[in-house]
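The primary structure of each chain is shown beneath.
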Amino acid sequence: MRDGALFFVEIELRDADGNLINDADRPVTVSVTGAGSLAAFGSGRPCTSERFDKDTHGTYDGRVLAVIRPDRVGLVEVTVSAEGVADVVVSAEVHERSAAPFLDSITPSNFTESIQA
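Residues numbered from 1 in each chain as written. Predicted model: local features only at pLDDT ≥ 70, side-chain atom pairs only at ≥ 80, totals over all residues. Heavy atoms only, no water.

## Brief notes about the overall build of the chain
Part 1: Each helix and strand in the chain was counted, giving zero helices and nine strands.
Part 2: Moving toward the C terminus, one meets the helices and strands of the chain in the order β-β-β-β-β-β-β-β-β.
Part 3: The 117 residues of the chain split such that 35% are buried.
Part 4: A separation threshold of at least 6 residues defines the contact pool for the chain, and within that pool the share at least 24 residues apart is 62%.
Part 5: Carbon together with sulfur atoms contributes 46% to the accessible area of the chain, which is approximately 6,400 Å² in total. (Helix = DSSP H or I, 4+ residues; strand = E, 2+ residues; numbered from the N terminus. Buried < 20%, exposed > 50% of the residue type's maximum accessible area, 1.4 Å probe, protein only. Contact = heavy atoms within 4.5 Å. Areas by Shrake-Rupley, 256 points an atom, 1.4 Å probe, with all protein chains shown as cover.)

## Points about the pattern of salt bridges
Part 1: Using the criterion set out here, one finds four salt bridges in the structure.
Part 2: Notably, a salt bridge pairs Arg63 with Glu12, separated by 3.3 Å at the nearest N-O pair. Of this pair, Arg63 sits in strand E5 (residues 63-70) while Glu12 sits in strand E1 (residues 7-14); the two residues are 51 residues apart in sequence, bridging distant segments of the chain.
Part 3: Given a relative accessible area of 39%, Arg63 falls into the partly exposed group.
Part 4: One salt bridge in this structure joins Asp53 and Arg51, with 2.6 Å as the shortest N-O distance. (Salt bridge = Lys/Arg side-chain N within 4 Å of Asp/Glu carboxyl O.)

This is the structure we're talking about:
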C-alpha cells in the first residue's frame, strides 16, 4: 500500500426499476485483476461469521463494500458477480504521481455500480 491509497466500490442489488433489493440478500463475489488487489470485502451486518479477507461475502440490506488497494501503476479491473444477475466490470487507471500512485480516472462514473436483479 502506498500512502494509504485505497478506493471503495459500493455494490448494491437493484431491480430493473432501480429500487434497492434489501429483502433478498445473496452472496456476491468480487474479482480484482491488473494493478490492484482486494484489501477487504464485507457488509455492515452487525453479526457475521464471514471473513473480510475473502472474495465472496453476503449482502446486508442489499449492499456490500469492496476495498481495493492499487498495487502499481496500470489498469485495475473489478468484476462483481452474484447468482441470478449479470456480471458487472468496472475499471480504474492508476497513475504515478510523485512517490504515490493516484486514481486518474474511474469508469463508470463514480466507480459505483448496481447489480440488476
